[in-house]
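In case you want the letters, here they are:
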Amino acid sequence: MLGHFKEPWFQPEFSATPSKVMPLTEAVRQFIRPGMLVHMGMPGVRWPSAILYEIARQFWGKEGSLQLSAITVNLPAVIPIQGRIFSKIICSYAGDPYYSPSPNVAVQRAIKRGHLDIENWSILSLPLRLQAAAMGLPFFPTHSILGSSMEEENKESFIAIDDPFGSHEKVGLVKALAPDVTILHGWMADQEGNALFLPPYSEQFHSAMASKEGVVLAVEKIVSSKTIREHNHFVRLPGIYVKSVSEVPFGAHPAGLSRIGMKGMDLYGEDYDFVEEGHQAAKTDESFDKWIDDWVLSINGHEEYLEKLGHKRLMYLKGMSHFDTWRSDIKSIKKISKSSSYTSVEMSVVALSRKLAETILRNQYKTMLVGAGIANLAGWLCFYNLRKQGYEINLMAEIGLYGYVPQPLDPSLFNYRNFPNCKMVADIQTIIGTVLGGSQNRCIGALGAAEVDKEGNLNSTRSDDGSFVVGSGGANDVASSSREVMVIMGHSKKRLKEELTYVTSPGKKVTALVTTRGIFEKLGDDHELTLTSVLPRLKDTVIEDAVQTIKDHCGWHVKESPLITCFDPPERSDLELMRSFDPNRYYLGKGPEK
């Protein structure tokens with residue numbers, strides 16, 4: 001009787017599915033064809049870099065062959081853009097993250113020359129479009145995009161309607177987006193393509209499940225079905241959606257792979273220096289073409305790429321995957337300035353951190369989501385100062401981080417050192433769509449921008465001459481859904497404008513603006529910002545003179561509070577803590593006077 005249960009079809013390892021394993025060059029040749037919309041999936045990892053490099057090699061010289069969708073477009077995806085392979089990108093952000101968030105000049109050139117069209121979305125609304133397609137729905141509702149220039153730009157894919165159930169609120173509907181094929185890089189997979197990914201999951205896997213022709217998958221290691229079953233709590237991509245799987249170690253480089261939840265796996269950190277090298281090379285066609293030829297076109301496949309990187313660099317990146325590496329970063333520790341002098345940027349960071357803290361305590365906010373740049377330095381400083389007062393605010397980041405504790409020496413918002421001390425690692429839909437924007441929302445946001453107007457509307461997408469900046473990222477979602485928002489930026493007429501030609505993020509929920517010279521706030525029911533404080537300089541500050549300077553360098557007529565105060569100078573402890581986050585001054589800029 002028991003003999004029946006020894007038959008092979010009762011065993012977990014039984015499989016009638018043909019192997020999908022093939023070299024990456026063959027996978028790209030077979031499954032990526034001219035005319036396709038390719039989605040660059042980034043759940044748990046920034047970039048499927050090796051696949052993008054192979055696309056560049058095979059399609060170089062075939063201009064306008066493909067279109068690309070991605071939540072963010074960064075250096076590896078800019079390489080095919082330089083080769084004019086992608087005729088259009090659909091994204092929320094296009095720029096480089098290291099050493100500081102900034103535009104990529106090659107993307108700006110391509111758009112300005114008419115070689116590249118761009119369709120702008122936010123970091124939540126784009127994954128919702130993919131989720132709708134994966135679920136077989138024609139659209140998905142959202143609070144985002146409403147009131148922004150993206151609402152006007154994307155009329156074919158976005159509609160604002162009155163709530164059909166009678167709440168008298170406007171609701172946005174984003175049209176489903178189904179790519180032709182999705183490219184992904186994962187941690188491990190079996191020969192059927194069942195793939196393991198570690199959190200945070202960023203955009204999730206709806207692009208894979210929405211794609212008309214499936215997934216071209218690269219992984220660090222191909223393993224047995226038995227190994228996949230043993231770690232099935234990390235399997236996020238079923239093999240039924242996968243067309244091919246290729247073993248490509250270090251295939252995410254210059255991105256890294258987090259080891260969160262999988263202590264025994266051999267992984268690697270992000271290569272900031274490589275990204276910065278590419279970022280600098282992209283500033284001219286000549287230097288970028290040479291750099292691309294050196295690192296991609298002249299290289300015959302991924303193995304040669306790893307040889308060029310070299311053993312020493314690869315081993316260094318493996319070491320950087322450990323979460324406590326900051327403790328041994330002696331060079332950065334030695335760079336932390338102990339000076340009690342301060343710059344105008346440092347003063348503005350301290351000022352925003354204090355405004356955030358007093359507002360959080362007054363309104364009993366529970367969560368805070370900060371944007372990249374000096375906004376996150378202010379948020380991190382606020383976090384630790386609130387801790388000293390016995391109040392814990394839960395820091396969040398768009399890609400799925402909740403309740404993280406920022407570590408020193410790396411100011412990058414998504415740096416891997418912050419991952420293991422999260423209270424929860426999730427995805428964009430959970431963090432922005434639910435915790436930030438849901439029914440129990442108790443969140444304050446802190447953002448930077450390229451431009452702001454007197455009503456707090458923000459622009460990080462297009463300048464007056466039509467030049468592309470970087471896009472929304474999560475800014476529009478934060479401005480649309482959090483309880484309130486505070487903004488920080490440099491003070492100049494070019495940035496503080498009477499009227500914006502492009503609104504990335506509506507200013508309805510912006511309650512304060514901190515510049516490098518003063519603080520503006522919305523008082524009472526007034527929709528316009530009013531100057532309430534000036535920031536101190538190193539030398540004696542005369543309030544009347546400071547107010548006049550602020551007015552002279554502001555693009556709108558400045559409303560003044562009846563009693564304008566001078567903000568208190570920063571305490572030394574605040575300066576040292578803030579500088580410990582950014583010892584190399586990537587965000588803080590030139591150091592203070594000695």
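The text that follows walks through the structure, step by step, so that each part is easy to find. Given the structure is predicted, the values throughout are model-derived calculations rather than measurements. (Residues numbered from 1 in each chain as written. Predicted model: local features only at pLDDT ≥ 70, side-chain atom pairs only at ≥ 80, totals over all residues. Heavy atoms only, no water.)

**As for the sheet that holds strand β15 (residues 367-370)**
Reasoning step 1: Spatially, the 10 strands line up as an open sheet ordered β18-β17-β16-β15-β19-β22-β24-β25-β26-β27, and their pairing is mixed. The open sheet has two edge strands with one neighbour each: β18 (424-425) and β27 (559-566).
Reasoning step 2: In the packing of helix α15 (residues 374-388) onto the sheet, the strands contacted are β15, β16 (394-397), β19 (443-448) and β22 (484-489), and the crossing angle to β15 comes to about 155°. (Pairing = 2+ DSSP bridges. Helix = DSSP H or I, 4+ residues; strand = E, 2+ residues; numbered from the N terminus. Contact = heavy atoms within 4.5 Å. Axes fitted to C-alpha atoms, helices over the stretch in contact; angles between N-to-C directions.)

**A look at the sheet that holds strand β9 (residues 170-175)**
Reasoning step 1: The strand order across the open sheet formed by three strands is β7-β9-β8, and the pairing between neighbours is antiparallel. Looking at the sheet topology across the chains shown, the edges are occupied by β7 (139-142) and β8 (158-162). When the angles between neighbouring strand axes are averaged without regard to direction, this sheet yields 30°.
Reasoning step 2: Bridge analysis of β7 against β9 gives four bridges, and the strand direction is antiparallel. Paired with Thr 142 across the strands is Gly 172, a residue of β9.
Reasoning step 3: Across the sheet, helix α5 (residues 125-134) is in contact with β7 and β9; its angle to β7 comes to roughly 145°.

**Some thoughts on the nonpolar core**
Reasoning step 1: If you look at the biggest cluster of nonpolar residues, it comprises 190 residues, and the most contacted ones within it are Ile 32, Val 73, Leu 217, Leu 237, Phe 288 and Ile 360.
Reasoning step 2: Considering every element that reaches this core, the biggest residue donor is α15, with 10 residues.
Reasoning step 3: Ignoring sequence-local partners within four residues, the contact set of Leu 237 consists of Leu 184, Gly 193, Asn 194, Ala 195, Phe 197, Phe 205, Ala 208, Val 215, Leu 217 and Val 242. (Core = buried A, V, L, I, M, F, W, Y, C linked by side-chain atoms within 4.5 Å. Buried < 20%, exposed > 50% of the residue type's maximum accessible area, 1.4 Å probe, protein only.)

**Observations regarding the environment of Arg 579**
Reasoning step 1: Note on placement: Arg 579 falls in helix α19 (residues 572-581).
Reasoning step 2: Between the C-alpha atom of Arg 579 and that of Gly 591, which follows or precedes it by 12 residues, the distance is 9.9 Å.
Reasoning step 3: Beyond its immediate chain neighbours, meaning those up to four positions away, Arg 579 contacts Ile 336, Ser 337, Lys 338, Ser 339, Ser 341, Tyr 342, Glu 346, Arg 585, Leu 588 and Pro 592.

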